[in-house]
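Architecture at a glance
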Amino acid sequence: MAKVSIFVVGLMLLHCWVATNEARYLKYKDPKQALNVRIKDLMERMTLEEKIGQMTQIERKVASAEIMKNYYIGSVLSGGGSVPKPQASAEDWINMVNDFQKGSLSTRLGIPMIYGIDAIHGNNNVYNATIFPHNVGLGATRDPKLVRRIGSATALEIRATGIQYAFAPCIAVCRDPRWGRCYESYSEDHKVVQAMTEIIPGLQGEIPTNSPKGVPFVAGKGKVIASAKHYVGDGGTIKGIDENNTVISRHGLFSIHMPAYYNAIIKGVSTVMISYSSWNGEKMHANRNLITNFLKNSLRFRGFVISDWEGIDRITSPPHANYTYSIYAAINAGIDMVMVPFNYTEFIDGLTSLVKSNDIPMSRIDDAVSRILRVKFVMGLFENPLADHSLVHYLGSKKHRNLAQEAVRKSLVLLKNGENPNQPLLPLSKRASKILVAGSHADNLGYQCGGWTIEWQGVTGNNVTKGTTILSAIKNTVHNDTEVVYKENPSLDYVRSNNFSYAIVVVGEKPYAETKGDSLNLTISTPGPETIKNVCGGVKCVTVIISGRPVVIQPYVDKIEALVAAWLPGTEGSGVTDVLFGDYGFRGKLPRTWFKTVDQLPMNVGDSHYDPLFPFGFGLKTKPHKTN
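Keep in mind the model is a prediction, meaning the values are calculated, not measured.

The subject of this paragraph is the overall build of the chain. A tally of helices and strands in the chain yields 21 helices and 17 strands. Principal axes of the C-alpha set define a box for the chain whose edges measure 120 × 50 × 40 Å. When burial is assessed residue by residue, the chain has 62% of its 628 residues classed as buried. Taking the contacts inside the chain whose residues are at least 6 apart along the sequence as the reference set, 76% of them involve residues at least 24 apart. Accessible surface computed for the chain: about 23,400 Å², of which carbon and sulfur atoms make up 52%.

It is worth spelling out the UniProt feature "domain: Glycoside hydrolase family 3 C-terminal" (unreviewed entry) in the chain at this point. The UniProt record marks residues 412-621 with the feature "domain: Glycoside hydrolase family 3 C-terminal" (unreviewed entry), using the residue numbering of this structure. Split by type, residues 412-621 is 16% helix and 16% strand. Its first and last C-alpha atoms lie 10 Å apart.

Time to look at the sheet that holds strand β8 (residues 278-279). The mixed open sheet is built from 3 strands, whose spatial order is β6-β8-β9. Of all the strands in the sheet, the pair left with one neighbour each is β6 (245-246) and β9 (282-283). In the sheet, β8 pairs with β9 via 2 bridges, with the strands oriented antiparallel. Residue pairing across strands places W279 opposite E282, the latter belonging to β9.

All right, on to the pattern of salt bridges then. Using the criterion set out here, one finds 31 salt bridges in the structure. Beyond isolated ion pairs, a larger network of salt bridges with shared partners links D143, R149, E406, K410 and R587.

What follows concerns helix α12 (residues 288-298). Every buried residue of α12 is listed here: L290, I291, T292, F294, L295 and K296. Its side-chain oxygen placed 3.2 Å from the backbone nitrogen of N289, N287 serves as the N-cap of α12. Of the residues flanking the end of α12, it is R300, one or two places downstream, whose phi is positive at about 60°.

Quick look at the side chain of T482 now. When you line up the elements, T482 lands in the loop between α18 (470-477) and β14 (483-486). A polar contact of 2.7 Å, which involves the side chain of T482, links it to the backbone oxygen of A432. Ignoring anything within four residues of it in the chain, the contact list for T482 reads K430, R431, A432, S433 and I435.

Listed under "domain: Glycoside hydrolase family 3 N-terminal" (unreviewed entry) in the UniProt record, and renumbered for this structure, are residues 47-375. With 40% helix and 10% strand, residues 47-375 has end C-alpha atoms that lie 20 Å from one another.

To continue, consider the packing of helix α7 (residues 144-159) against helix α16 (residues 398-411). Geometrically, a packed helix pair is captured by the angle between its two axes and the distance between the axes. Between α7 and α16, whose axes approach to 10 Å, the crossing angle comes to 145°. Crossing of α7 over α16 shows left-handed handedness. Across the interface between the two elements, L146, R149, I150, A153, L156 and E157 of α7 pack against H400, L403, E406, A407 and K410 of α16. Of the residues that constitute the contact of α7 with α16, the class distribution is 6 nonpolar, 1 polar and 4 charged.

This part takes up the packing of aromatic side chains. If you walk through the whole model with that rule in mind, you get 16 aromatic pairs. Ring centres of Y165 and F304 lie 6.1 Å apart, and the angle between their planes is 80°; this geometry places the pair in the edge-to-face category. Pair noted here: Y165 is in strand β4 (residues 165-166) and F304 is in strand β10 (residues 304-306), with a separation of 139 residues, a long-range link. Looking at F304, the relative accessible area reads 0%, which means it is buried. Their ring planes at 20° and their centres at 4.3 Å tell us that F377 and F382 sit as a pair that is stacked. For F382, a relative accessible area of 14% corresponds to the buried category. These aromatic residues form a ring-pair network of at least three members: Y28, F377 and F382. The lysine or arginine in question, R314, covers the ring of Y276, its NZ or CZ lying 4.3 Å from the ring centre.

Conventions we followed
- Residues numbered from 1 in each chain as written.
- Predicted model: local features only at pLDDT ≥ 70, side-chain atom pairs only at ≥ 80, totals over all residues.
- Heavy atoms only, no water.
- Helix = DSSP H or I, 4+ residues; strand = E, 2+ residues; numbered from the N terminus.
- Buried < 20%, exposed > 50% of the residue type's maximum accessible area, 1.4 Å probe, protein only.
- Contact = heavy atoms within 4.5 Å.
- Areas by Shrake-Rupley, 256 points an atom, 1.4 Å probe, with all protein chains shown as cover.
- UniProt positions renumbered as here; feature names shortened; annotations may be inferred.
- Pairing = 2+ DSSP bridges.
- Salt bridge = Lys/Arg side-chain N within 4 Å of Asp/Glu carboxyl O.
- Polar contact = N/O pair within 3.5 Å; in protein donor to acceptor, adjacent residues only side chain to side chain.
- Axes fitted to C-alpha atoms, helices over the stretch in contact; angles between N-to-C directions.
- Left-handed = near helix turned anticlockwise from the far one by under 90°.
- Nonpolar A, V, L, I, M, F, W, Y, C, P; charged D, E, K, R; others polar.
- Phe/Tyr/Trp six-rings, centres within 6.5 Å; stacked < 30°, edge-to-face > 60°.
- Lys NZ or Arg CZ within 6 Å of the ring centre and 35° of its normal.

See the structure below:
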């Protein structure tokens, strides 16, 4: 009898040991398991509450480790200008991100969160980051390989701060420069935009050759999740009004605004962000046909779809008028993660109620969560959830600043060079006895970088981050014996009476982003036009335009000896002087048509009424002149 009892006890202990080890071994935590096995295993363990938490993205201002734990939040973001503290270091960012992550890891299932940020021209919210030219300037380079390298550098600077997710690239095709986001678009020509989707493998890594189409890919700790945005048609709104209605046929939408998404998906883009805009009156955030039927089913996109900031609120007019309906319409349309970003309990409670009432099917929730988990598994987040300090040295590194400088010089478009080809003004002599530098944008790093830099709408001044102004670059370039005089807005008499060899005038637009940048007149900021008239009326001048788009310049062209479109070059002003003084030649081509008057707009290459001041693709070339 005793022998039987010992056998039974032993058998029970064996069962307990097996059960304990099975409990310890979780398939979803095993990187050797197939991706779909890991997703299925984790999904089967999740409650509705945990699933809806994964679909929720909140702003860092309302996040904490405790909230991450209690609500199972799937993602946190920084809005424009939302930072741990002013001039925060890479370590400050890492500590903040890791604090949120530790809250997520302390949950029952330990699902790590992802942190997102608008790194649209470098890690642009972060002090001391390298700020690259905005997309319109990169479009002028016509150099996809350069853009890919910029993607790689940006990914490292994002990871340097512990962040894993970039809300970039914007692959809008801006068809009207009056749009305040036009500088976020590479070109009015979808073919240029398609070519520039090469930034995606730069950000995420090169997709494996055997990877199925549409499956997201992120190649480890030095790369980030990318987001193709804003799906779809955001660059085609009436009069360029932000978040407005794009009135166009299905053929027009699919031939102009959709093609770059094909390239993005083929390159393994992990997420797609939905546009605030409407297509023929239907809000994109509620467009099931284009999100679920086309993007997910026809294109077989397997990453996740994310809303824009309070994007689902804007489904109703006024925004947030019927939030329950907004949740219902957005989630059923196919949005997987909602950038709430503040009132997360309202979103969580509303979505939970809609699922329990069967207004949103559980299959829709499972689709959303499986997509979010797929991206988290693919990028190795479960294996490496916490950021370390091993990449902090990449933030604002010399190598990245050199790359940005290269991008600036390749982006410059020479529109005019002398009154006749036989007497060009450029390249300028470094050995002139006395030169004048004028204009509001010559010595203003904030103006040089434009919107989405440190703050959402951009900033003014030279203490905003680290970089080189155009004035500083000029002083560093000319001969030691050359006298450089800077006067922001000199009088005509002053210019005529000072015996300058030549003048460099740097004027343009003040920083802006999105709706605040919408403009019906597209004028150079005052006193820019007066500065051009006074300086160029008194001495030979080159005028450098700092702007996110073509602006009204026709009235001044005859007075200007040489004219350069420099777009929004970012922190590396030396890229401008590299070309002005002939160390490198001009090579940029207009990514946008330069209009004569705003009355012509919208006007794009191929239009029947096409009558530009400078046509799409225009750009004079110069040869390097190293001995000047």
